[in-house]
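Below are the chains, spelled out letter by letter.
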Amino acid sequence: MEIAKQLSVFLANKPGMLADVCDELAKANVNIFALTISDTADHSVVRMVVSDTERALAIFEERGVLVVASKVLLIENSNKPGALAKIATRLAKAKINIEYAYLATSPGAKTGLLILRAHDTKRALKVLGKN
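Residues numbered from 1 in each chain as written. Predicted model: local features only at pLDDT ≥ 70, side-chain atom pairs only at ≥ 80, totals over all residues. Heavy atoms only, no water.

Enquirer: If you had to explain the overall build of the protein chain to someone new, which residues and values would you point to?
Expert: Along the protein chain, the regular secondary structure elements total four helices and six strands. In sequence order, the secondary structure elements of the protein chain are arranged as β-α-β-β-α-β-α-β-β-α. Each principal axis of the C-alpha distribution contributes one length, and for the protein chain these read about 45 × 35 × 30 Å. Buried positions account for 34% of the 131 residues belonging to the protein chain. When contacts within the protein chain are restricted to residue pairs at least 6 apart in sequence, those whose partners lie at least 24 apart make up 69%. Of the roughly 7,900 Å² of accessible surface on the protein chain, a fraction of 53% belongs to carbon and sulfur atoms. Of the side chains in the protein chain, 18 bear a positive and 13 a negative charge, and the two mean positions are spaced by 14 Å. (Helix = DSSP H or I, 4+ residues; strand = E, 2+ residues; numbered from the N terminus. Buried < 20%, exposed > 50% of the residue type's maximum accessible area, 1.4 Å probe, protein only. Contact = heavy atoms within 4.5 Å. Areas by Shrake-Rupley, 256 points an atom, 1.4 Å probe, with all protein chains shown as cover. Lys, Arg positive; Asp, Glu negative; His and termini not counted. Charge placed at Lys NZ, Arg CZ, Asp CG, Glu CD.)

Enquirer: I'd love a proper account of the pairing of strand 6 (residues 111-118), names of residues and values included.
Expert: Strand direction decides the pairing type here: strand 4 (residues 67-78) and strand 6, joined by six bridges, are antiparallel. Residue pairing for strand 6: Ser-78 is matched across the bridge by Thr-111. For strand 5 (residues 98-104) and strand 6, the ladder comprises six bridges, and the chain directions are antiparallel. Bridged to Tyr-100 within strand 6 is Arg-117. From the end of strand 5 to the start of strand 6, which pair antiparallel, there are six residues. (Pairing = 2+ DSSP bridges.)

Enquirer: Requested: an account of the pattern of salt bridges, with residues and values cited.
Expert: Once the charged atoms of two side chains with opposite charge are near each other, the side chains can pair. For the coordinates displayed, the defined rule picks out seven salt bridges. Across the salt bridge formed by Glu-62 and Arg-55, the nearest N and O atoms sit 3.9 Å from each other. Overlapping salt bridges bring together Asp-23, Glu-24, Lys-27, Arg-55, Glu-62 and Arg-63 as one network. (Salt bridge = Lys/Arg side-chain N within 4 Å of Asp/Glu carboxyl O.)

Enquirer: Give a description of helix 4 (residues 121-129) that names residues and reports values.
Expert: All buried positions along helix 4 are accounted for by Thr-121, Ala-124, Val-127 and Leu-128. Across the axial projection of helix 4, the buried residues extend over an arc of 120°, all falling on one side. Exposed positions of helix 4 whose direction lies more than 90 degrees from the buried face are Lys-122 and Lys-126. (Arc of directions from axis to C-beta.)

Enquirer: Lay out the sheet that holds strand 1 (residues 2-12) with the relevant residues and their values.
Expert: An order of 2-3-1-4-6-5 is seen for the six strands of this open sheet, with the pairing classed as antiparallel. A single partner strand is all that each edge strand has here, and the edge strands are strand 2 (32-39) and strand 5. Averaged over neighbouring strand pairs, the angle between their axes works out to 30° when direction is ignored. Packing against the sheet, helix 4 makes contact with strand 1, strand 4 and strand 6, and its axis sits at approximately 5° to strand 4. (Axes fitted to C-alpha atoms, helices over the stretch in contact; angles between N-to-C directions.)

Enquirer: Explain the confidence of the model for the protein chain to me, using residue names and the numbers behind them.
Expert: The share of residues in the protein chain with pLDDT of 70 or more is 98%, and the mean pLDDT across the chain is 93. Highest mean pLDDT in the protein chain belongs to helix 3 (residues 83-93) (96); lowest belongs to strand 2 (93). (pLDDT = per-residue confidence, 0-100.)

Okay, structure coming up:
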């Protein structure tokens, strides 16, 4: 478990925008570890955790793309029923709000990766780091 920087990239909601972003990152040898997209009528917010946050920020800024960096927790968790409930319960008991989260794993994998944005990232790390 660790604190990482997540980038929120604001893109026009039209075909090819995500392809362009991914292509530019690939050209710079920046790997995407996690990604989620939420959309509105005219734009999308692409949240991503990448292998080289500073390089990715520079790429977006050079192209005039609005991007915001924020701290999130990267949590490798068990791929079994109740794993997320346990994390959410521990944070709730500590009165730490989860602003948003996203996760993924393949059905047969033993673990998955949870990206979690809490209102107090450092405190959440401390609470979840205790056994």
